[in-house]
Amino acid sequence: MADETFLSDDLLRQLMSVGEVDLLVGILSHRSANTMRRAAHYIEKSLQQNFVRQRMAVISVDGGAVEDPGSDERYGDGEPGNNSYSKGLSTLRTIHRITAAFNGAPSPGLALRTILSSSDLLRAKACAVVSPATSSTSPEWVANLLRPAFRDNFDFVAPLYSRHKFQGLLARNLLYPMTRALFGRRIRELYSDEWAFSNRLGGFCLNEDVWHEEPVRSRPEAWMGISALTSDFRCCQVYLGEKPPPPDGAGPDLVEVLRQTVGSLFWLLETHQQAWMERKGSEPLPTFGPDHAVTAEPMELNRIRMFELFQTGVKELGPILQSILSPETLSSIQGIATLDQNLFRFPQELWVTMLYEFAASYHHSVINRDHLVQALVPLYRGKIYSFLTEFSEASAADMEAVSENLCLEFERQKPYLTEKWKAGVEVKT
Amino acid sequence: MRVTIVQGLEQAYYNLVHMIAEFLPRLLVMLVIILVGLVAAYLLGHVFRAVLRLTKLDRVSEDAGASRVLRMADLPSMTELLSRSVFWITWLGFILIGVSVLGVAGLQEQISRLFRFLPEVFIAMLILFLGLVLANFLSRAALLASVNAGVRSPKIWSWSIRFVIWILAISMALDELGLARQTVLAAFSIVFGASMLGLAIAFGLGGQDLARRALERYLGNSAKEKYKEPQPL
């Protein structure tokens, strides 16, 4: 049952006016009226084309959308940019429009909680969440996300994208292989802006008392996905299409991304430790459409600066890394940091061992946890430099093989993490 | 004359015997109090040590960076330091009570002054400890932020923050103890003011180009110079 005490009177009034629906689509606002209109347009188009008999609603969780400078007004009626997505209720067929307004942009966690509560009160059978920031969103994306949850009784639907081989490097080198090895299921895009879920999973998550936790406030989708995996809900993946990179300068910087995603993953390891410790190996998930795709066009990147930041980090953060890593691992990292940049390689085994030691140190709180995750940033830069150098000429098939090898290395070393995790913290006196 | 001398000696002997008769029981009581205090202090220290080990204070101390400073000063671990402090403070309290039983004139006043001063000593120690913890936490945060942002000489920022907080904590602790209040205040103002003035002059005269570049960067005139990384997600 939804705890509607945090919902505003205005939102409750709108929800009561709507009554019940079959499908709900939530839009996480990015304070941009134009992108909101575009997303709303695609969602409504998708619902009209693919779910003609269902009762539907679209909820925009809005932090006070502002007009983009130079807002594009070239679209006609029903097209993005025509101000059709205004606050309040207006019915088009059976699609209701709901706006949950906040003073200032709500955290992603609060936005998801609002969507879950609304979904619960509207008794929606399936719900999808989309981000207007994704420029390639199309009507097919929304339909593809909703279908497995609505028609095939899946509880959690994760997206699959087509990406350039040097995009999503954190997901490729850390988040995906580590999640796969530990939780035993192969979800490629756990940290994504689009996903869908059933009313069963929505109700389950809504009743969890974790909404005040920072990892849930910042990356609620990962927590929801892991909750689904570990509580034996039915999960699947669905191919959506190409995911272009955000424009330069958009989105948080690397440090903030690592704090949110890696911090969230380490926290999830702690809160679900019984579930991951018992699992062995990994299983693929049912997948709708083609599997993810990797493209390999040439791309210009500034790698030298990345290597410099790695070397400086290893040198300056020595005492901090000493309290996180074992002496052998630290010594190996300090050893490779002295190599010439043309000869430098970050071995897979060392990368995995190091990450597992970071996770165990996070668990044992050897230093402040936020500081611990920040200490990972220079090492991640070193790994990415090595990755970019090593695979600059690699084909898409080569990249897949490399990715698979890394996943297997994470699985092979899992007992090491379990051992470090269970070991008592060694206080250096 | 002779009688007077004999009477005087008798009186002195009588006084001495009387004093010894009065003093010996007090001395005995003092020794008993000190001995009981030793046992009580030992037990209290032992219990305190066990409680601190249960609460894993050493881990918190390690996290806050306080243990590193203790090691640098060749001091034992935080648990050991606090439990030894409890032992000595308890025993010292008993010793002072025992000495006061002797009833030596002038000593009573000094002992009571010492007891009145103890709370201030504790508060000063607490201020120093909190300052130490805060300095380590903030200096580590500054070091991480500087390293990750690619700032040159990140340790300078980290040590500057640590130094300023230490100076502030020491000044506050000395002020709490009431030791050379005016001198401490003046010294702090001079050191802090001189540091800031030095930085301002160094940045203003020696780093005009750096200041201009920094301002341009923050005002967005040279956005192209900003380092771009591959998208992590």
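Residues numbered from 1 in each chain as written. Chains lettered and ligands numbered in written order. Predicted model: local features only at pLDDT ≥ 70, side-chain atom pairs only at ≥ 80, totals over all residues. Heavy atoms only, no water.

Participant: Looking at this structure, how should I read the interface of chain A and chain B?
Facilitator: For an interface, size is often stated in terms of accessible area lost upon the parts coming together. Across the boundary between the two partners, chain A contributes 44 residues, which contact 25 residues of chain B. Summing both partners gives a buried area of about 3000 Å² for chain A against chain B, and 62% of it is carried by carbon and sulfur. Counting every contact that joins chain A to chain B gives one salt bridge. Of the charged contacts in the structure, one is a salt bridge between Glu-316 of chain A and Lys-155 of chain B, with a shortest N-O distance of 3.7 Å. Where the side of chain A that touches chain B is concerned, the elements lending two or more residues are helix 5 (169-183), helix 9 (254-271), helix 11 (303-316), helix 15 (369-375) and helix 16 (377-390) of chain A. In terms of residues, the side of chain A that touches chain B owes the most to one element, helix 16 of chain A, which gives six residues. (Contact = heavy atoms within 4.5 Å. Buried area = accessible area lost by both parts, 1.4 Å probe. Salt bridge = Lys/Arg side-chain N within 4 Å of Asp/Glu carboxyl O. Helix = DSSP H or I, 4+ residues; strand = E, 2+ residues; numbered from the N terminus.)

Participant: Looking at this structure, I do not really get empty space enclosed by the protein. What am I missing?
Facilitator: Where empty space is left in the structure can be found by rolling a water-sized probe over the atoms. Residues and elements named next belong to chain A. Tallied over the full model, the rule gives four cavities of 30 Å³ or more. Of the pockets and cavities examined, the largest cavity occupies roughly 170 Å³. Lining the largest cavity are 13 residues, with Arg-163, Arg-172, Arg-188, Glu-189 and His-292 sitting closest to its centre. Sort the elements by how many residues they give to the lining of the largest cavity and helix 5 lands first, with three residues. Residue composition of the lining of the largest cavity, grouped by class: five nonpolar, four polar and four charged. (1 Å grid on protein atoms, 1.4 Å probe; cavity = no way out; pocket = protein on both sides within 12 Å on 5 of 7 lines; lining within 4 Å. Points joined across faces, edges and corners; volume = space filled by probe spheres on them. Nonpolar A, V, L, I, M, F, W, Y, C, P; charged D, E, K, R; others polar.)

Participant: For this particular structure, what's the right way to read the domain arrangement of chain A?
Facilitator: Residue and element names in this part refer to chain A. The domains assigned to chain A are domain 1 (4-295) and domain 2 (304-422). Contact residues are listed per partner, giving 32 residues for domain 1 and 39 residues for domain 2. Here domain 1 and domain 2 share an interface that buries about 3300 Å² over both sides, 68% of which is from carbon and sulfur atoms. On the domain 1 side of the interface with domain 2, the three residues burying the most area are Asn-173, Phe-266 and Glu-270, jointly 19% of the side's total. Counting every contact that joins domain 1 to domain 2 gives five salt bridges. (Domains from an automatic or database assignment.)

Participant: Looking at this structure, how should I read a nonpolar patch on the surface?
Facilitator: Residues and elements named next belong to chain B. A cluster of nonpolar side chains, Ile-89, Ile-97, Phe-115, Leu-118, Phe-122 and Met-125, forms an exposed patch at the surface whose accessible area comes to about 490 Å². For the nonpolar patch, the secondary-structure elements that each account for two or more residues are helix 4 (78-101) and helix 5 (107-149). With four residues, helix 5 is the single largest residue contributor to the nonpolar patch. Note on Ile-89: relative accessible area 36%, which makes it partly exposed. (Patch = residues over 30% accessible without salt bridge, like charges linked within 9 Å, V, L, I, M, F, W, Y side chains within 5 Å. Areas by Shrake-Rupley, 256 points an atom, 1.4 Å probe, with all protein chains shown as cover. Buried < 20%, exposed > 50% of the residue type's maximum accessible area, 1.4 Å probe, protein only.)

Participant: Can you walk me through the pairing of strand 2 (residues 56-62) of chain A in this structure?
Facilitator: Where a strand is regular, its side chains alternate between the two sheet faces. Residues and elements named next belong to chain A. Of all seven residues that make up strand 2, seven are buried, and the element is covered over most of its length. Of the two faces of strand 2, both are covered, the one formed by Met-56, Val-58, Ser-60 and Asp-62 as well as the one formed by Ala-57, Ile-59 and Val-61. Bridging between strand 1 (residues 23-28) and strand 2 involves six bridges; their strand directions are parallel. Bridged to Ile-27 within strand 2 is Ser-60. Of the strand pairs in this sheet, strand 2 and strand 3 (residues 95-101) are connected by seven bridges, and their pairing is parallel. For Met-56, the partnering residue across the bridge sits in strand 3 and is Ile-95. (Pairing = 2+ DSSP bridges.)

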